[in-house]
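As a plain string of letters, each chain reads:
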Amino acid sequence: MSKYLSADEAVKVINSNDRIYVQAAAATPTVLTKALAERASELRNVEVCHMHTEGEAPYSNPELSDSFHVNSFFIGKNVRHTLAAGNGSYTPVFLSELPLLFRKNVLPINVVFIHVSIPDSHGYCSLGVSVEATLAAIENAKTVIAQVNPQMPRTFGDSLLHISKIDYLVEVDRPIYSQEMAVISPLEGKIGSFVASLIDDGSTLQMGIGSIPNAALAKLTNHKNLGLHTEMFSDGVIDLIENDIINCNYKGICRGRALATFLIGSQRLYDFVNDNPFVEMRESSYVNDTSKIRKNPKMVAINSAIEVDVTGQVCADSIGAQMYSGVGGQMDFIRGASLSEGGKAIIALPSITKRGESRIVPFLKQGAGVVSTRSHVQYIITENGIADLYGKTLRQRAAEMVRIAHPNHQEWIEKTYYEMINGIVV
């Protein structure tokens, strides 16, 4: 029997009560997930688990809840509705430990959906722009189904996979998910300037996706000898690499190469990483390993939050008790940067929401989860300045945080906090 099948034929191997892992982010194999959803009437209680995925997720339709249940390790906007609808769950896990859920057989995998480049002359495909926990899922799955696409970039590192490891291949020829860089607002520009002011020459960077990381990167054009060790990166690093500002020459891990576990960006990014040995894609258990992150001198971790209280507790995965995203790799890198020689752990966020509510708060909302504790965070940055919390008492931290809050909320934050702790010596 040929390994090459149509998507409809390939997904016939899936049975009721199976657990499926879907490769994440820009590599989401949407042809396979669509074919899976079309089998809904034939299946019951199939668990579809993944990090955040891009594109449509038809299996997450609440009308198909008897057939499919979504288990998110990081909640993307395309499946966020499943938590309220009851056909979805969230499993909190550090990105560094996600592969262990499969390797330790905590979550046995029946089938894995992946999205790869076409095989080379030696039979090797590439997982392209998303490795994360996919290798561990492949190693432990009973069946591997690959969406094979000539438009998937070929990347190096852990991403190479021999065709013999794949049970069925479905040929497609379509662009992978892309995301253009957004215009940086004046507020984001201010935050980016504050972030950049903390970055020394020779630093190694970790950042996420979005306008604030891109705003910080845009302010680094006069820096020298920067490195890149990050769970993901986007277009904002390309000019810095091409101008030898990011050259990775002073890293402690994978010196001379940029290290990541997944990528999301424009077609320019995908063209840049294609067949580019400067970019090394490794599994999240390696990239997000705190013991490896800390070996980079001057490691700078730049992450964001939904809200931060005045003592430095960071909520980054929920709005109150309502889950919004996930733990991801924030703690992996916050801790790694803190332990690095000359390292800095930064949380950067606007001081208010789009509705004008303060994101610097006296106390986290009821039900909110703490992703990074008050003991881990060093710097909190808003458009109003930098709060240095390291080594500060709770009262000193509160004063720092009130200073960087929006002026319209400073009095309320300070009054509410001190009324609550009145009589408690800190």
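Attention in this report is confined to the structure presented alongside it. (Residues numbered from 1 in each chain as written. Predicted model: local features only at pLDDT ≥ 70, side-chain atom pairs only at ≥ 80, totals over all residues. Heavy atoms only, no water.)

## Things to note about the overall build of the chain
Helix and strand counts for the chain come out as 14 helices and 25 strands. For the chain, with 426 residues in total, the buried portion stands at 58%. Summarising the internal contacts of the chain: among those between residues at least 6 apart in sequence, 71% fall at separations of at least 24. A total accessible area of about 17300 Å² is found for the chain, and carbon and sulfur atoms account for 49% of it. Seen as two clouds, the 38 positive and the 44 negative side-chain charges of the chain have centres 5 Å apart. (Helix = DSSP H or I, 4+ residues; strand = E, 2+ residues; numbered from the N terminus. Buried < 20%, exposed > 50% of the residue type's maximum accessible area, 1.4 Å probe, protein only. Contact = heavy atoms within 4.5 Å. Areas by Shrake-Rupley, 256 points an atom, 1.4 Å probe, with all protein chains shown as cover. Lys, Arg positive; Asp, Glu negative; His and termini not counted. Charge placed at Lys NZ, Arg CZ, Asp CG, Glu CD.)

## A closer look at helix α7 (residues 211-218)
For α7, a buried count of seven out of eight residues is recorded, marking the element as mostly surrounded by other parts of the structure. Along α7, the positions that sit buried rather than exposed are S211, I212, P213, N214, A215, A216 and L217. Packed against the buried residues of α7 are α6 (186-197), β11 (204-207), α8 (238-242) and β22 (344-348).

## Looking at the pairing of strand β7 (residues 143-148)
With six of its six residues buried, β7 lies for the most part within the structure. The alternating pattern of β7 places T143, I145 and Q147 and V144, A146 and V148 on opposite faces, both of which are buried. When β7 meets strand β10 (residues 168-171), the two strands line up parallel, connected through four bridges. Counterpart to V148 in the pairing with β10 is E171. (Pairing = 2+ DSSP bridges.)

## Focus: the sheet that holds strand β4 (residues 88-90)
One open sheet accounts for seven strands, arranged β4-β3-β2-β1-β5-β7-β10; its pairing is parallel. What marks the edges here is a single partner per strand, and that holds for β4 and β10. Mean inter-strand twist for the sheet, computed between neighbouring axes without regard to direction, equals 20 degrees. Relative to strand β5 (residues 111-116), strand β1 (residues 19-22) is paired through three bridges, and the arrangement is parallel. (Axes fitted to C-alpha atoms, helices over the stretch in contact; angles between N-to-C directions.)

## A closer look at the layout of surface pockets
When its volume is computed, the second largest pocket comes out at roughly 250 Å³. Counting residues per element, the lining of the second largest pocket draws most heavily on helix α2 (residues 30-37), at four residues. Of the residues in the lining of the second largest pocket, the class split is seven nonpolar, six polar and four charged. (1 Å grid on protein atoms, 1.4 Å probe; cavity = no way out; pocket = protein on both sides within 12 Å on 5 of 7 lines; lining within 4 Å. Points joined across faces, edges and corners; volume = space filled by probe spheres on them. Nonpolar A, V, L, I, M, F, W, Y, C, P; charged D, E, K, R; others polar.)

## Points about unusual backbone geometry
At N17, a residue that is not glycine, the phi angle is positive and equals roughly 75 degrees. Assignment of secondary structure puts N17 in the loop between α1 (7-10) and β1. Note on N17: relative accessible area 54%, which makes it exposed.

## Structural notes on the sheet that holds strand β14 (residues 258-260)
Pairing within the open sheet is parallel, and its three strands lie in the order β8-β16-β14. Edge strands, defined here as strands with exactly one partner in the open sheet, are β8 (156-157) and β14. Alignment of β14 against strand β16 (residues 279-281), held across three bridges, turns out to be parallel. Within the sheet, the bridge partner assigned to L259 lies in β16 and is E280.

## Overview of the environment of M152
With respect to the helices and strands, M152 occurs in the loop between β7 and β8. The class of M152 is buried, set by a relative accessible area of 2%. Spatially, the C-alpha atom of M152 lies 9.6 Å from that of D271, the residues being 119 residues apart in sequence. If we ignore the near neighbours within four places in the chain, the residues touching M152 are A27, H115, V116, S117, S126, L127, G128, V129 and I176.

## Examining the side chain of E307
Residue placement: E307 occurs in strand β18 (residues 307-309). A polar atom in the side chain of E307 sits 2.9 Å from the backbone nitrogen of K365. Ignoring sequence-local partners within four residues, the contact set of E307 consists of Q313, V314, C315, R359, V361, L364, K365 and A368. (Polar contact = N/O pair within 3.5 Å; in protein donor to acceptor, adjacent residues only side chain to side chain.)

## A closer look at the packing of aromatic side chains
In this description, an aromatic ring pair is defined by two values, namely the gap between the centres and the angle between the planes. All chains considered together, the criterion is met by five aromatic pairs. Ring centres 5.7 Å apart and planes at 35 degrees place the aromatic pair F363 and Y417 in the tilted group. Pair noted here: F363 is in the loop between β23 (360-361) and β24 (379-382) and Y417 is in helix α14 (residues 407-420), with a separation of 54 residues, a long-range link. Overall, F363 belongs to the partly exposed group, its relative accessible area being 33%. Given the relative accessible area of 3%, Y417 is considered buried. (Phe/Tyr/Trp six-rings, centres within 6.5 Å; stacked < 30°, edge-to-face > 60°.)

## As for the environment of I293
The residue I293 is located in helix α11 (residues 290-293) in this model. The exposure class of I293 is buried, given its relative accessible area of 0%. The spacing of I293 and H229 is 64 residues in sequence and 7.5 Å in space, taken between C-alpha atoms. Every residue in contact with I293, bar those within four places of it in the chain, is listed here: H229, V287, N288, M299, D332, F333, G336 and A337.

## Here we look at the nonpolar core
Counting residues in hydrophobic clusters, the biggest one holds 76 residues, and the most contacted among them are Y21, F73, F102 and I114. Those residues in contact with F73 that sit more than four places away from it in its chain are Y21, C49, H50, M51, Y90, T91, V93, L98, L101, F102 and L107. Membership of the second largest hydrophobic core comes to 62 residues, among which are V11, V31, V327 and L389. (Core = buried A, V, L, I, M, F, W, Y, C linked by side-chain atoms within 4.5 Å.)

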